[in-house]
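Structure at a glance
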Amino acid sequence: MRFIEPVRNFYTRYERPISSFSLLLGFIIDALTLRRVDSLFENSVIIGYLCVIGIFIILIHVKETEEGSEENGRQTHFWYVNILQFAFGGVFSAFLVLYFRSADIFVAWPFILLLLLAFTGNEFLKKHYVRLSFQISLFFLSIYWFSIFLVPVILHRVGSGIFLLSGIVSLIVITIFVLVLFHLTKDKLAKSKKLIILLVSSVFVLMNFLYFTNLIPPIPLSLKDGDIYHSVKKSASGYEVVSEEEGWNKYFIMYPDFNKLAGEPAYAFSAIYSPKDLNMTILHEWQHYNETIRKWITESIVDLAVVGGREGGFRTYSIRSNPKPGKWRVNVKTEEGQIIGRLRFKVIPVNEKPALINRVK
């Protein structure tokens, strides 16, 4: 058809800005539409992306095998390659949105960095998309990340055993996919066999390293809201909290001041999102930084029940009586010790009560 060639030439000329805009638009759409990891819509979107990725990896390499030339196949399936890129961009943007909502960036920054590298690599490493081993390793990474969400939602449990099961499920899925691809493109896959095994194994080992070193947040749990308050009381309208007046720069301060009168307690409030029917116990671990030995010292650990299903998170709190001056943090953790989020503050002794405001959570 006559109009295809001009469109293709235009895309080739402006490929980078068009592709960047598409990825940005996809990220914005995901940010506005993706809300809950246990939602049928969210999971359907990600499954759709994964299906497109699998289908177009097969289409590209089957056609290349038929035509006998990878370069010729790349030219013939120009649109296949770009659809594959769009699908990878869509699935990685979805993971970025959901993981950013679930992770404390100061706790899980290595994992979030890995997500960002995978997302941007989809744009800048496009020329590698005809390399089978690169495609399959990214596909496995996408399946693995999705399994980390899906398996706990289905089984209503979290923990190291569930994470390991997610990895096994991912390995089974990618193995089935590779076997199908091997059947259709035997000679081509045989050339990449060793590299594929190496890359998939490396991804698997890396993910387990990140998890067992507490650098992956315990998805699908997330800290939807949390802070340190002068008072927290449950009422008919919600949780009434009392906090100090704060400016916009609060979000740029690692340890906001908590101006405390002598004998006054501190309240750690947290709203934990957990999928429906995933009920569990979380911990508030109160730690004080000892300036002399330069270490965090655990002062107390409080067990708190969480009931799954509330979109805004299950609200609960713990109290620390008369916390000593200095830096504090409250680690919001699972019973296995994985950190969902952290609340940080610095106790400043004062003689006059600071200006306070009342709010309802």
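Notes on the structure in this doc start here. As the structure is a computational prediction, the values presented were derived from the model and not from experiment. (Residues numbered from 1 in each chain as written. Predicted model: local features only at pLDDT ≥ 70, side-chain atom pairs only at ≥ 80, totals over all residues. Heavy atoms only, no water.)

**A short note on a nonpolar patch on the surface**
Worth spelling out the cut-off: Patches here: salt-bridge-free residues with over 30% relative accessible area, like charges joined within 9 Å, nonpolar side chains (Val, Leu, Ile, Met, Phe, Trp, Tyr) joined within 5 Å. Only the protein chains shown count as cover for residues, with accessible areas throughout obtained via the Shrake-Rupley method and a probe of 1.4 Å. Definition used for salt bridges: Asp or Glu carboxyl oxygen within 4 Å of a side-chain nitrogen of Lys or Arg. Secondary structure elements are taken from DSSP: a helix is a run of H or I of four residues or more, a strand is a run of E of two residues or more, and numbering for both begins at the N terminus.
A cluster of nonpolar side chains, Ile154, Leu155, Leu165, Ile168, Ile172, Ile176, Val180 and Leu184, forms an exposed patch at the surface whose accessible area comes to about 690 Å². It is helix H8 (residues 160–184) that provides the largest number of residues to the nonpolar patch, a total of six residues. Along the chain, the position of Ile154 falls in helix H7 (residues 132–155).

**Some words on unusual backbone geometry**
Keep this limit in mind: For every residue, the accessible area (1.4 Å probe, protein chains only) is compared with the maximum for its type, and the residue is labelled buried under 20%, exposed over 50%, or partly exposed between those bounds.
The backbone phi angle of Asp277 is positive, close to 75 degrees, even though this residue is not glycine. Within the secondary structure, Asp277 sits in the loop between strand S5 (266–273) and strand S6 (280–290). Since its relative accessible area comes to 48%, Asp277 is described here as partly exposed. Phi at Asn322 takes a positive value of approximately 45 degrees, unusual for a residue other than glycine.

**Quick look at the environment of Gly337**
Looking at the element boundaries, Gly337 is found in the loop between strand S9 (326–334) and strand S10 (339–349). The partly exposed category is assigned to Gly337, whose relative accessible area is 22%.

**So, the packing of H7 against H8**
Note the threshold: Only the contacting stretch of a helix is used when fitting its axis, a line to C-alpha atoms as for every element, and angles between N-to-C directions run 0 to 180 degrees. Angles are sorted into four bins: roughly parallel if under 35 degrees, roughly antiparallel if over 145, roughly perpendicular if 65 to 115, and oblique for all others. It is the rotation of the near helix from the far one that decides the hand of a crossing: anticlockwise by less than a right angle makes it left-handed, clockwise makes it right-handed. By the convention adopted, Pro, Cys, Tyr, Trp, Phe, Met, Ile, Leu, Val and Ala count as nonpolar, Lys, Arg, Asp and Glu as charged, and the other residues, Gly among them, as polar.
Axis separation between H7 and H8 bottoms out at 8 Å; the angle between their running directions is 140 degrees. By the angle between their directions, the pair H7 and H8 is classed as oblique. Judged by the twist between their axes, the crossing of H7 over H8 is right-handed. In terms of residue class, the contact of H7 with H8 is made up of 20 nonpolar, four polar and no charged.

**Regarding the sheet that holds strand S8 (residues 314–320)**
To keep it simple, the criterion reads: When DSSP locates at least two bridges between a pair of strands, those strands are taken to pair.
Taken in spatial order, the three strands of this open sheet run S1-S5-S8, and their pairing is antiparallel. The open sheet is flanked by strand S1 (222–229) and S8, the only strands paired with a single partner. Across the sheet, the mean angle from the axis of one strand to that of its neighbour is 15 degrees, orientation sign disregarded.

**Quick notes on the pairing of S10**
With eight of eleven residues buried, S10 lies mostly within the body of the structure. In this sheet, S10 lies alongside strand S4 (residues 257–260) in parallel orientation, the contact comprising four bridges. Bridge assignment links Asn259 to a residue of S10, and that residue is Ile348. The turn joining S9 and S10, which pair antiparallel and follow one another in sequence, is formed by four residues; a positive phi near 100 degrees is taken by Gly337.

**Brief notes about H7**
Residues three or four positions apart in an α-helix share a direction because the helix packs 3.6 residues into each turn. Short version of the rule: Multiply 1.5 Å by the residue count of a helix minus one, and that product is the helix's expected span. The bend at a residue is defined as the angle formed between two axes, one fitted to the seven residues ending at that residue and one fitted to the seven starting there.
Taking 1.5 Å per residue, 24 residues should reach 34 Å; H7 reaches 33 Å between its end C-alpha atoms and fits that length. Along H7, the sharpest kink reaches roughly 30 degrees, centred on Ser147. With 21 of its 24 residues buried, H7 lies for the most part within the structure.

**With respect to the environment of Thr185**
With respect to the helices and strands, the residue Thr185 is situated in the loop between H8 and helix H9 (186–212). The sequence separation of Thr185 and His61 amounts to 124 residues, and the corresponding C-alpha distance is 7.0 Å.

**Observations regarding the side chain of Gln338**
Under the convention used in this document: Should any heavy atoms of two residues lie within 4.5 Å, those residues are considered in contact.
Examined against the element boundaries, Gln338 turns out to sit in the loop between S9 and S10. With relative accessibility at 8%, the residue Gln338 sits in the buried group. Among residues more than four places away in sequence, those in contact with Gln338 are Tyr211, Asn214, Ile216, Pro218, Val332 and Lys333.

**Some thoughts on the nonpolar core**
Note the following rule: Side-chain atoms within 4.5 Å link the members of a nonpolar core, which is a set of buried Ala, Val, Leu, Ile, Met, Phe, Trp, Tyr and Cys residues.
Grouped together as the largest cluster of nonpolar side chains are 42 residues, with contacts concentrated most on Ile53, Ile136 and Phe139. Going through the elements one at a time, helix H3 (40–67), helix H5 (78–102), H7, H8 and H9 are the ones with two or more residues in this core. In terms of residue count, H7 provides more of this core than any other element does, 13 residues in total. Excluding its chain neighbours within four sequence positions, the residues that come into contact with Ile53 are Leu84, Ala87, Phe88, Val91 and Phe139. Trp286, Trp328, Leu343 and Phe345 belong to the second-largest nonpolar core, a separate cluster that totals 19 residues.

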